[in-house]
Amino acid sequence: MQRKPFFYDITLRDGNQSLKKPWSLEEKLFVFDKITELNIPAVEIGFPASSKMDFECCVELSKKAGDTLVSVLARANKSDIDKAILATKDAKKSRIHTFITLSPFHMEHVLNKQKEDVAKMAIDAVEYACSQLKNASRTVDIEFSVEHFGDCSNNLDFVIEVLKEIVKKGAKTINLPNTVERYRPLKFLAMVESVKNALGDDVIISLHNHNDLGMATATTVEGFFKGATQLECCLNGLGERAGNTDFCQVATALHNCGVESGIDLSKLYETALVISQMSQVKIYEKAPLIGPEALAHRSGIHQDGAIKTKDFEFGAYRPINPTLIGRYDDEKIGFTSQSGKTAIYDIIKGLKYPITIKESVYLTPFAKQIAQSKGELTPKEVLNLYLDKICNIKGPFELITFKQVEKGVFDLFFNFKNERKEVIGLGNGPVDACLNALKKIGFEVKLSNYKQYSIDADKDSSQAQAMSAISILDDKKGEIIGRAIDTSTALANVKAIFNALNQIYS
Ligand code: KIV
Ligand code: ZN
């Protein structure tokens, strides 16, 4: 059977302790609901000895936690452990999480203690927590963390010996935090493997990686494959300094690797937005999966691949189909000097205007030139370029007026190479009449296609607009499309004919 990760959320403890304004009880209750809505089975709800408010939060959250395992943090001393036990007394499923550093640097420079004394504190703390829980007839669920485990490479044998004692005293979960990420994931994970091998399969190995070098997700994901079962993660990667391991990234990466965790991935994006608001910590632009830019493509090659695989589960230039995490905004195609025809095509189509690839190719150098000096074009700027260069083509033909004189009779007034021309055309409708009028004075036009679109994209205009697309066959240039927009359909038609003629005659 496939191993399943056990997700342990630390947003309400490690995340909360790093906030500029830690959450109130009401806020913690709200965030707790968001965490459990994701189906995360275990939540570290606080550090009862840290403040009266946090103690009360732990009491209230313990009461409402239901089947979610709630865990509280306690330093390796009796007073913290007593508070932790008291704070969780009403929880259906609770855990006491005690910790102390075993790193040589920390024991010497921060605790100012000999390693033997620190080892005793750790072992005694677990023994004490265990006996107090037993006395209170409560389930013994104790997690012990080696704070700064990542700094223990030089005294790993000592750490393992202490942990063996701690397990004998009753700790079921051994957490191996990379409290400050300083080195390589694989170096750290080799240490994790040594501990796991020494403690045996009955002990649950947990990882808690801070993100100081930006590799916490990698360490946690690979750590799962090296045998760690409990993965301590934080929503939006909140936490001290550069934060803790980001929950969304780990859950998604494991999903991509075929590891199912029981997490409701479809709520991840919405939850991330809520947590950002609650924590006042912005989601940075390039944040993987959830950042505003995470679905943006700007180079021509990437845009082409992204558009060709848009609705696929597996995208050419994205790690997931964003709907997996409940993200429904489209992949963003922005036009920059690095972009190409596909971007123009996609942007104009996205704005509900018709365009052909040939027209996109024609527009590309103009768009690139603008983008070179000003940077990315907004969709509106791309549209303006399209309207200017495709729907309003300048050339020798300049329409002055086209009016119906009576039913089936139209007066066409225009300049050709600055020479005034006025001619009456008869026809079933404006297109027919205009073509007949032009034919009369020597401009034979072969119509090959005609389409009419209603344009509702111009939000600035209150009047409905029509777009005509008139295709004309030219002996030399092949099929030419003339497009034009006007509030009058008749004028849109005639302007479109003139736009096509200007392409042929220039
Ligand atoms: O980062 C850390 O080492 C911790 C422990 C208290 C688990 O947060
Ligand atoms: Zn931490």
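Quick caveat: nothing in here was measured; it's all calculated off a predicted structure.

Conventions adopted
- Residues numbered from 1 in each chain as written.
- Chains lettered and ligands numbered in written order.
- Predicted model: local features only at pLDDT ≥ 70, side-chain atom pairs only at ≥ 80, totals over all residues.
- Buried ≥ 20, exposed ≤ 12 C-beta atoms within 10 Å, placed from the backbone.
- Helix = DSSP H or I, 4+ residues; strand = E, 2+ residues; numbered from the N terminus.
- Contact = placed C-beta atoms within 7 Å.
- Pairing = 2+ DSSP bridges.
- Axes fitted to C-alpha atoms, helices over the stretch in contact; angles between N-to-C directions.
- Near = placed C-beta within 6 Å.
- Nonpolar A, V, L, I, M, F, W, Y, C, P; charged D, E, K, R; others polar.
- Domains from an automatic or database assignment.
- Parallel < 35°, antiparallel > 145°, perpendicular 65-115°, else oblique.
- Expected span 1.5 Å × (residues − 1).

## Let's talk about helix H13 (residues 341-350)
Move 1: In terms of residue burial, H13 counts as a mostly covered element, since eight of its ten residues are buried.
Move 2: Lys341, Thr342, Ala343, Ile344, Tyr345, Asp346, Ile347 and Ile348 are the residues of H13 that are buried.
Move 3: Check the buried side of H13 and you find it contacts helix H12 (300-308), strand S10 (332-333), helix H14 (357-374) and helix H15 (379-389).
Move 4: Following H13 by one or two positions, Lys352 adopts a phi angle in the positive range, close to 70°.

## Side note on the sheet that holds strand S15 (residues 465-474)
Move 1: If you trace the three strands from one edge of the open sheet to the other, you get S14-S15-S16, paired in antiparallel fashion. The open sheet has two free edges, formed respectively by strand S14 (446-455) and strand S16 (478-486), since each of these has just one partner strand. Taking each pair of neighbouring strands and ignoring which way they run, the sheet shows an average axis angle of 15°.
Move 2: Here S15 pairs with S16 via nine bridges, running antiparallel. Across the sheet, residue Ile472 finds its bridge partner in S16, namely Ile480.
Move 3: Along the sheet face, helix H17 (residues 489-505) touches S14, S15 and S16 and points at about 140° away from the line of S16.

## Structural notes on the site of ligand 1
Move 1: As a matter of local geometry, ligand 1 sits amid Asp14, Leu73, Phe99, Ser145, Glu147, Asn175, Pro177, Thr179, His208 and His210.
Move 2: Residue assignment for the shell around ligand 1 shows that the elements contributing at least two residues are strand S5 (142-147) and strand S6 (173-178).
Move 3: Among the residues making up the shell around ligand 1, the classes are represented as three nonpolar, five polar and two charged.

## Things to note about the domain arrangement of the chain
Move 1: In terms of domain boundaries, the chain breaks down into domain 1 (6-263), domain 2 (296-391) and domain 3 (397-505).
Move 2: Placing a centre on the C-alpha atoms of domain 1 and another on those of domain 3 gives a separation of 74 Å.

## A look at the environment of Arg138
Move 1: Within the fold, Arg138 resides in the loop between helix H6 (115-135) and S5.
Move 2: Remark: the alpha-carbon pair of Arg138 and Gly223, spanning 85 residues in sequence, is separated by 31 Å.

## Section: the packing of H13 against H15
Move 1: Where H13 meets H15, the closest approach of the two axes is 10 Å, and the angle between their N-to-C directions is 95°. Judged by the angle between their axes, H13 and H15 are roughly perpendicular. Across the interface between the two elements, Ile344, Ile347, Ile348 and Gly350 from H13 touch Pro379, Val382, Leu383 and Tyr386 from H15.
Move 2: Classifying every residue of the contact of H13 with H15 by side-chain character gives seven nonpolar, one polar and no charged.

## Remarks on unusual backbone geometry
Move 1: One non-glycine residue, Asn39, lies in the positive phi region at around 75°.
Move 2: Its location among the elements puts Asn39 in the loop between helix H2 (25-37) and strand S2 (42-46).
Move 3: Given 14 C-beta atoms within a 10 Å radius, Asn39 is considered partly exposed.

## A closer look at the pairing of S5
Move 1: Of all six residues in S5, six are buried, a share of seventy percent or more.
Move 2: Along S5, one buried face is formed by Ile142, Phe144 and Val146 and the opposite face, lined by Glu143, Ser145 and Glu147, is buried too.
Move 3: As paired elements, strand S4 (residues 94-101) and S5 share six bridges and run parallel to each other. Bridge pairing in S5 places Ile100 opposite Val146.

## Concerning the sheet that holds S6
Move 1: The parallel closed barrel is built from eight strands, whose spatial order is S1-S2-S3-S4-S5-S6-S7-S8. On average, each strand axis in the sheet is inclined to that of its neighbour by 25°, with strand direction left out of account.
Move 2: The strands touched by helix H3 (residues 52-64) are S2, strand S3 (69-75) and S4; relative to S2, the strand with the most contacts, the crossing angle is about 145°.

## Section: the packing of H12 against H13
Geometrically, a packed helix pair is captured by the angle between its two axes and the distance between the axes.
Move 1: In the contact formed by H12 and H13, the axes pass within 8 Å of each other and the chain directions differ by 50°. The orientation of H12 with respect to H13, classified from their angle, is oblique. On H13, the residues that touch Gly300, Gln303, Asp304 and Ile307 of H12 are Thr342, Ala343 and Asp346.
Move 2: Its residues placed into classes, the contact of H12 with H13 shows two nonpolar, three polar and two charged.

## Points about H17
Move 1: With 17 residues, H17 extends 24 Å from end C-alpha to end C-alpha; this agrees with the ideal 24 Å at 1.5 Å per step.
Move 2: Regarding H17, the residues found buried are Ala492, Asn493, Val494, Lys495, Ala496, Ile497, Phe498, Asn499, Ala500 and Leu501.
Move 3: Among the structural elements, strand S11 (397-406), helix H16 (430-440), S15 and S16 are those in contact with the buried residues of H17.

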